[in-house]
Amino acid sequence: MTCRPSSLLVDPDWASYTLGVFICLSCSGIHRNIPQVSKVKSVRLDAWDDAQVEFMTSRGNHVARAAFESKVPPFYYRPSASDCQLLREQWIRAKYERQEFTHPERQEPYSAGYREGFLWKRGRDNGQFLSRKFVLTEREGALKYFNRSDAKEPKAIMKIEHLNATFQPAKIGHPHGLQVTYLKDNSTRNIFVYHEDGKEMVDWFNALRAARFHYLQVAFPGASDADLVPKLSRNYLQEGYMEKTGPKQTEGFRKRWFTMDDRRLMYFKDPLDAFARGEVFIGSRESGYTVLDGLPPSTQGHHWPHGITIVTPERRFLLACETESEQRAWMEAFRKVVDRPMLPQEYAVEAHFKHKP
């Protein structure tokens, strides 16, 4: 990415003197890998001749952005400094090396509305990654995968309406690892995929976002691009291990992997499980949801000392974190959700959770 010199998140002490842009240390490493396009110097440590300084003065990040980002599709994911290496590298290569945002015809791999190919998918039960054929079709509003390349029927059909994708390299154990989730019988189903080619994986990611964008344009015809883009894909608010006890609160606490996905708090025995052991809907304060620091004094059976109590209209959920910093991070995530008013469609989701057996 081209880092903004005014940004407080990055320190643009580097510059591409062939592109005329200031960049941060992290991005400078990516730029060095495309020397045919971008040559890098330190702003403070390297010597600059007059011609190079003059070129930087005449260009700068705003001029470069206008030139190299003139035709970025609204659905294309623009990475931030906190995103994974793959997203940042492919954004830089797409912008400067392949010049996809000045030549729209080069955007076809993710903008055509149809895509098929093979991805390595983790098996639900055995945990092995096997090559599987995937087909994305906007016309059918679905992503499908097949257990065999010659199979007539797909193993799964994932409706674009309820689909999310987020890069999870650390969790999956591969730098190009992507987690795709969808709703199956109103429960979250996870699949984990990767491709050895980073461009291929990011093209799949943006193709999924494009399909979501076009679906939402039809579903919400009056909405602006700015309204729709935040809904195309979402990163999780918080993930990590906590301990939990059961509904009677007399059972021992058990260690589980928790994921906060918008208003769904899910817990798994293993981070790469296909289905959650349980899901909890977290509504708003106005609807009777509260998050409390600590556990009731009588609570027993937890090994980790830093407790959290989630109060819902039906029951209390008792959780425990290993460290105080993890507790603070979870409390902040929960409070963000509780403090946010519920949307009309979220009341329907809440009602479904209340009627679950």
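Just so we're clear, the structure is a prediction, and the values are computed from it rather than from any experiment. The numbering scheme is per chain: residues are counted from 1 as the chain's sequence reads. Two thresholds apply to this predicted model, a pLDDT of at least 70 for residue-level local features and 80 or more for giving and counting side-chain atom pairs, whereas whole-chain, interface and lining totals are computed over all residues. Side-chain measures here rest on the full set of heavy atoms in the structure, leaving out hydrogens and waters.

Novice: What is the right way to read unusual backbone geometry from this model?
Specialist: A negative phi angle characterises most non-glycine residues, just as the trans form characterises most peptide bonds. For Gln 99, which is not a glycine, the phi torsion comes out positive at approximately 50 degrees. Phi is positive for Asp 262, close to 55 degrees, though the residue is something other than glycine. Judged by its relative accessible area of 31%, Asp 262 falls in the partly exposed class. The classification of residues rests on relative accessible area computed with a 1.4 Å probe and restricted to protein chains. Under 20% of the type maximum is buried, over 50% is exposed, and intermediate values are partly exposed.

Novice: What exactly am I supposed to notice about helix H3 (residues 61-68) here?
Specialist: Note that an α-helix has 3.6 residues per turn; residues three or four places apart therefore point the same way. Going along the chain from the N terminus, every DSSP run of H or I of four or more residues is numbered as a helix, and every run of E of two or more is numbered as a strand. Within the span of H3, buried status applies to Asn 61, Ala 64, Arg 65 and Phe 68. Around the axis of H3, the buried residues are gathered within 100 degrees of arc, so they sit on the same side. Facing away from the buried surface of H3 by more than 90 degrees, the exposed residues are His 62 and Ala 66. When checking whether two residues touch, look at their non-hydrogen atoms; a contact exists if any pair is within 4.5 Å. Close packing links the buried residues of H3 with strand E2 (21-23) and helix H4 (85-97). Arc definition: directions from the helix axis to the C-beta atoms.

Novice: In this structure, what is going on with the UniProt feature "domain: PH" (unreviewed entry) in the chain? I would like to understand it.
Specialist: UniProt positions are given in the numbering used here, feature names are shortened, and annotations may be inferred rather than shown by experiment. Listed under "domain: PH" (unreviewed entry) in the UniProt record, and renumbered for this structure, are residues 112-213 and 235-339. With 20% helix and 45% strand, the stretch residues 112-213 has end C-alpha atoms that lie 13 Å from each other.

Novice: What should I look at first to understand the packing of H4 against helix H7 (residues 198-219) in this one?
Specialist: The axes of two packed helices give the description: the angle between them and the distance between them. Here the axes come from fitting lines to C-alpha atoms, over the contacting stretch only for helices, and the angles between their N-to-C directions go from 0 to 180 degrees. Taken N-terminus to C-terminus, the directions of H4 and H7 make an angle of 95 degrees; their axes are 10 Å apart at the nearest point. When the axes of H4 and H7 are compared, the pair comes out roughly perpendicular. Residues Leu 86, Leu 87 and Gln 90 of H4 touch H7, and the partners they reach there are Gly 198, Lys 199, Met 201, Val 202 and Phe 205. An angle counts as roughly parallel when it lies under 35 degrees, as roughly antiparallel when it exceeds 145, as roughly perpendicular when it falls between 65 and 115, and as oblique in every other case.

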